[in-house]
Amino acid sequence: MRNSLCLLTLLALLCIACSGGAEKPKEAARYESIDTLPMLIMQIQKCSKLYTAEYHIHKIVTHDDVVRLQGNILQHDFNLRMPLSDRKIAIPIDATLKAYIDFADFSERNIERNGKKITIVLPDPKVAMTSSKVDQRNIREYVALTRAHFSDAEMANYEQQGREAILQSIPELGIIETAQANAASTIIPMLMQMGWREQDITIVFRKDFGARDIRSLLDNSTIEQ
């Protein structure tokens, strides 16, 4: 009888021990899943301005200035190109565009979790024209004998038009998509080190950016005028 009682007591102690040991991993896992988010946010914020794409653009701005004589004779309209009145110019411009993502305000609002899956919503990208230069040696100009040469004010205006054209071409260049891809290649390894599987990680922007969004994406503090 005494042996049976001892055996029952031993079995009860073993059950309690096993039960206690099984709870610890669950508590640890729960603590880890809660605690990694602040750590993740802190690590991503350390990226600060993450420059993710750099494009070198070469553009030639052309302008064709022709004097035309327009009028009406005997109820007939005419539009004649005046001889020896042509002015043409081609201005090559080299510019550098850089795209970056500023993680200074990255927070829990940029993270979406669904079970084991996690989605990082990147802050809106910014694009800066960090440099632009006119290739003075390769400017080509033709001015007819009866016309005056292009003035400095006209040249400056055409150069500004060239810079504006480069900025407007940003959606076609793919620099925004490159910025997203390179940001993902930086953030995904960071998440994997914290225990997420690569197939459970998604990196996205808040929206697809088009031509209408360009002005909102420009970093005017660094764009040369």
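Refer to the structure above for everything that follows.
Residues numbered from 1 in each chain as written. Predicted model: local features only at pLDDT ≥ 70, side-chain atom pairs only at ≥ 80, totals over all residues. Heavy atoms only, no water.

Undergrad: Hey, could you run me through the overall build of the chain in this one?
TA: What the chain contains, in helices and strands, is five helices and nine strands. When the helices and strands of the chain are listed from N to C terminus, the series reads α-β-β-β-β-β-β-β-β-α-α-α-β-α. With 225 residues in all, the chain has 35% of them scored as buried. Put simply, of all contacts in the chain between residues at least 6 apart along the chain, 81% involve residues at least 24 apart. A total of about 14900 Å² of accessible surface is found on the chain, and carbon and sulfur atoms cover 54% of it. (Helix = DSSP H or I, 4+ residues; strand = E, 2+ residues; numbered from the N terminus. Buried < 20%, exposed > 50% of the residue type's maximum accessible area, 1.4 Å probe, protein only. Contact = heavy atoms within 4.5 Å. Areas by Shrake-Rupley, 256 points an atom, 1.4 Å probe, with all protein chains shown as cover.)

Undergrad: Honestly, the environment of Glu 108 in this entry has me stumped. Any pointers?
TA: Mapped onto the fold, Glu 108 is located in the loop between β4 (87–102) and β5 (111–114). Taking C-alpha positions, Glu 108 is 9.9 Å from Val 121, a pair spaced 13 residues apart along the chain.

Undergrad: How should the pattern of salt bridges be read in this particular structure?
TA: A side chain with one charge can pair with a side chain of the opposite charge if their charged atoms come near. Under the counting rule described, the total for this entry stands at six salt bridges. In this structure, the salt-bridge partner of Glu 54 is Lys 98, at a minimum N-O distance of 3.9 Å. Of the two residues, Glu 54 is situated in strand β1 (residues 49–65) and Lys 98 in strand β4; the sequence distance between them amounts to 44 residues. The shortest N-O distance in the salt bridge between Asp 200 and Arg 197 comes to 2.9 Å. In this structure Arg 197 comes out as partly exposed when scored by relative accessible area, which is 47%. Taken together, the shared-partner salt bridges in this structure form one network comprising Lys 117, Arg 197 and Asp 200. (Salt bridge = Lys/Arg side-chain N within 4 Å of Asp/Glu carboxyl O.)

Undergrad: Help me understand the nonpolar core, please; the structure alone is not making it clear to me.
TA: Where a protein is soluble and globular, its nonpolar side chains tend to be buried together. Membership of the largest hydrophobic core comes to 51 residues, with the highest contact counts inside it found for Leu 40, Ile 91, Leu 97, Phe 103, Ile 120, Leu 122 and Ile 170. Leave out the neighbours within four places in its chain, and Leu 122 touches Ile 101, Phe 103, Asn 110, Gln 180, Ala 183, Ile 187, Ile 203, Val 204, Phe 205 and Arg 206. (Core = buried A, V, L, I, M, F, W, Y, C linked by side-chain atoms within 4.5 Å.)

Undergrad: Is there a simple way to explain helix α4 (residues 175–193) in this structure?
TA: Since the α-helix advances by 3.6 residues per turn, residues separated by three or four positions end up pointing in the same direction. For α4, which comprises 19 residues, the first-to-last C-alpha distance of 28 Å matches the rise-based estimate of 27 Å (1.5 Å per residue) to within 8%. Of all the residues in α4, the buried ones are Ile 175, Ile 176, Ala 179, Ala 183, Ala 184, Ile 187, Ile 188, Met 190 and Leu 191. Gly 195 sits one or two residues past α4 and shows a positive phi near 110°. (Expected span 1.5 Å × (residues − 1).)

Undergrad: Is there a simple way to think about the sheet that holds strand β9 (residues 201–205) in this case?
TA: Pairing between sheet strands relies on hydrogen bonds along the backbone, with the strands arranged either parallel or antiparallel. Strand order in the open sheet made by the three strands is β5-β6-β9, with mixed pairing throughout. Whereas interior strands pair on both sides, the edge strands pair on one side only; in this sheet they are β5 and β9. Between one strand axis and the next, the sheet turns through 20° on average, direction left out of account. Sheet analysis places strand β6 (residues 117–122) next to β9, joined by five bridges and oriented parallel. Looking at the pairing, Val 121 lines up with Val 204 of β9. Its contacts with the sheet put α4 on β6 and β9, and the angle it makes with β9 is roughly 150°. (Pairing = 2+ DSSP bridges. Axes fitted to C-alpha atoms, helices over the stretch in contact; angles between N-to-C directions.)

Undergrad: Can you help me understand the side chain of Glu 159 in this one?
TA: Tracing the sequence through the fold places Glu 159 in helix α2 (residues 152–168). Not counting the four nearest positions on each side in its chain, Glu 159 is found in contact with Ile 91, Ile 93 and Val 134.

Undergrad: It is not clear to me how the side chain of Asp 200 should be interpreted in this structure. Could you clarify?
TA: Here Asp 200 lies in the loop between α4 and β9. Here the side chain of Asp 200 touches Lys 117 through a polar contact of 3.2 Å, side chain to side chain. In contact with Asp 200, not counting residues within four places along its chain, are Lys 116, Lys 117 and Ile 118. (Polar contact = N/O pair within 3.5 Å; in protein donor to acceptor, adjacent residues only side chain to side chain.)

Undergrad: Explain the packing of aromatic side chains here, please?
TA: Any aromatic ring pair is given by two values, namely how distant the centres are and how the planes are angled relative to each other. Counted by the stated rule, this structure contains three aromatic pairs. For the pair Tyr 51 and Tyr 100, a centre-to-centre distance of 5.1 Å together with 45° between the ring planes defines the contact as tilted. Of the two residues, Tyr 51 is situated in strand β1 and Tyr 100 in strand β4; the sequence distance between them amounts to 49 residues. Plain terms: the ring middles of Phe 205 and Phe 209 are 5.9 Å apart, the flat faces sit at 75° to each other, and that makes the pair edge-to-face. There is no split in this pair, since Phe 205 and Phe 209 are both buried. (Phe/Tyr/Trp six-rings, centres within 6.5 Å; stacked < 30°, edge-to-face > 60°.)

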